[in-house]
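This is what each chain is made of:
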Amino acid sequence: MAGAPGTGKTALALGIAQELGPKVPFCPMVGSEVYSSEVKKTEVLMEHFRRAIGLRIKESKEVYEGEVTEITPEETENPLGGYGRTISHVVIGLKTTKGSKQLRLDPSIYEALQKEKVNIGDVIYIEASSGAVKRVGRSDAFASEFDLEADEYVPVPKGDVHKKKEIVQDVTLHDLDMSNAKPQGGQDLMSMVGQLSKPKKTEVTEKLRTEINKVVNRYIDQGIAELVPGVLFIDEVHMLDIECFTYLNRALESTLSPIVIFATNRGVCTIRGTDVMSPHGIPVDLLDRMLIIRTMPYSLEEIVQIISIRAETESIQLDAEALHGMGEIGARTSLRYTVQMLTPARIIAETAGRDSIKLSDVEEVDELFYDAKSSAKVLAASEGYLL
Ligand SMILES: Nc1ncnc2c1ncn2[C@@H]1O[C@H](COP(=O)(O)OP(=O)(O)OP(=O)(O)O)[C@@H](O)[C@H]1O
Ligand SMILES: [Mg+2]
């Protein structure tokens, strides 16, 4: 996406992320993020690439599932003779529509229950093999208790407490890299996924990534996992240098590549790290691999619409006249400038004891502040006024 400042490139990226929803990875970054003193530029790029590639893993697991009817930690004297008492096991009652079951479980599960903030009346499942606890939601038997709850209500599970359940998990390749940077388990996908909750570790090497790719590809072939290509958004892409661009050329062509969106407001300028001029500061061979979308300045009506949405989200009230006035100022100056005017205009209106912004408030704000263009004009007209 190429276009003048304030034409909505970054705003579009936010919009895309919203539309994709939580299941499709969206990884935003700014070109200058690659310049870190500790990590190689290409390493930063690669990491973001892998954050943008998702994997949906379906597996059938043996679980205990139901509504929690009881959580009782049972304590014993500390066998080492200390003062404290330790939890020897925990008793959990689970109920489904078909029956109920009492389980005596390892104390580590008690910790997992506390971490997931499981209470009586929640629907949970516990994986039989790993002991991982997952809170599904609150049982809808409790739904009418309070109205103001952000909780998700789920029906009491059907079938037996102990059963096989199809579990779908969404992870990114980066999650797998990180959780396996210090491999403890086996080299298959399920144990890689199992590492997700374990504490963190060492560096992610190219070798590890190749290993993970191999396993992932095998599981995709077997139909257990499904690739969910996401979106990598690189804002201010002209900040990248020639090394990064060369690297991108190659990365874009690999099979495990997300959709990559670049945004820039530069015209013809030098490519960083060279003295070659190129459109958008991007090498022509990389440009050749893209579709370029031109973003245009907003029209007066569009500016008015954006300001009214903005005002509504910030609960600022505006007269129709004031709104139109702001639109005109926006068309003359910039969208960002007018959006910034909203708050001062509201303060002026409030000071005058009104709830709603009038045209005169907007004009007053416009007199008090300068936008970039008029400031430049003042500077040019009064030489020597500022250093
Ligand atoms: N469609 C839109 N809806 C709501 N707000 C918008 C929209 N487009 C732009 N804006 C707002 O306008 C301002 C400028 O837009 P944005 O930051 O996307 O510009 P940009 O094209 O990324 O500019 P730059 O090249 O300077 O980075 C932001 O405050 C943004 O929230
Ligand atoms: Mg931007």
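Here the residue numbering is sequential within each chain, running from 1 through the sequence in written order. Key to labels: chains lettered from A, ligands numbered from 1, both in the order written. In view of the model being predicted, local features appear only for residues whose pLDDT reaches at least 70, and side-chain atom pairs are presented and counted only at 80 or more, with totals across whole chains, interfaces and linings using the full set of residues. Heavy atoms throughout the structure, all of them, feed into the side-chain values; hydrogens and water do not.

Draft legend 1. Seen up close, the nonpolar core. Among the nonpolar cores identified, the biggest contains 23 residues, and Leu45, Leu232, Ile234, Leu240, Phe245 and Leu248 are the most heavily contacted of them. Here the element with the most residues in this core is helix α7 (residues 242-251); it accounts for five residues. A contact between two residues is defined here by any heavy atoms of the two lying within 4.5 Å. Among residues more than four places away in sequence, those in contact with Leu232 are Cys27, Met29, His48, Phe49, Ala52, Pro258, Ile259, Val260 and Ile261. Counting 19 residues, the second-largest nonpolar core is a separate cluster that includes Ile307, Leu323, Ile329 and Val365. Put simply, buried Ala, Val, Leu, Ile, Met, Phe, Trp, Tyr and Cys residues joined by side-chain atoms within 4.5 Å make one nonpolar core. The cut-offs for exposure are 20% and 50% of the maximum accessible area for each residue type, with area from a 1.4 Å probe on protein chains only; residues under the lower value are buried, those over the upper are exposed, and the others partly exposed. A run of DSSP states H or I qualifies as a helix once it reaches four residues; a run of E qualifies as a strand once it reaches two. Both are numbered from the N-terminal end.

Draft legend 2. Looking closely at a negative patch on the surface. A grouping of Glu321, Glu363, Glu364 and Glu367 is seen on the molecular surface, where their side chains present a negatively charged patch. With three residues, the single largest contributor to the negative patch is helix α12 (residues 359-368). For patch detection, residues must exceed 30% relative accessible area and be free of salt bridges, and they are connected within 9 Å for like charges or within 5 Å for nonpolar side chains (Val, Leu, Ile, Met, Phe, Trp, Tyr). To be clear on the numbers: accessible area is Shrake-Rupley with a 1.4 Å probe, and residue cover counts the displayed protein chains and nothing else. We count a salt bridge whenever a side-chain nitrogen from Lys or Arg sits within 4 Å of a carboxyl oxygen from Asp or Glu. Within this scheme the basic residues Lys and Arg register as positive and the acidic residues Asp and Glu register as negative, but His and the chain ends are omitted. For this purpose, a charge sits on NZ of Lys, CZ of Arg, CG of Asp or CD of Glu.

Draft legend 3. Structural view of the pattern of salt bridges. Scanning the entire structure with this criterion turns up 24 salt bridges. Close ionic contact of Glu67 with Lys95 constitutes a salt bridge, the shortest N to O distance being 4.0 Å. Placement of Glu67 in strand β3 (residues 53-77) and of Lys95 in strand β4 (residues 85-95) is noted, with a sequence separation of 28 residues between them. Classification of Glu67 as buried rests on a relative accessible area of 5%. Close ionic contact of Asp160 with Lys98 constitutes a salt bridge, the shortest N to O distance being 3.6 Å. In this pair, Asp160 is assigned in the loop between β8 (153-154) and β9 (162-172) and Lys98 in the loop between β4 and β5 (100-105), connecting sequence segments 62 residues apart. For Lys98, a relative accessible area of 61% puts it in the exposed group.

Draft legend 4. How the structure looks around the sheet that holds strand β12 (residues 259-262). Taken together, three strands build an open sheet; the order of strands is β2-β11-β12 and the sheet is parallel. Single-partner strands in this sheet number two, and they are β2 (26-30) and β12. The average undirected angle you get between the axes of adjacent strands in this sheet is 15°. Pairing between two strands is assigned when DSSP locates at least 2 bridges connecting them. The axes are straight lines fitted to the C-alpha atoms, using for helices just the contacting stretch, and the angles between their N-to-C directions are given from 0 to 180°.

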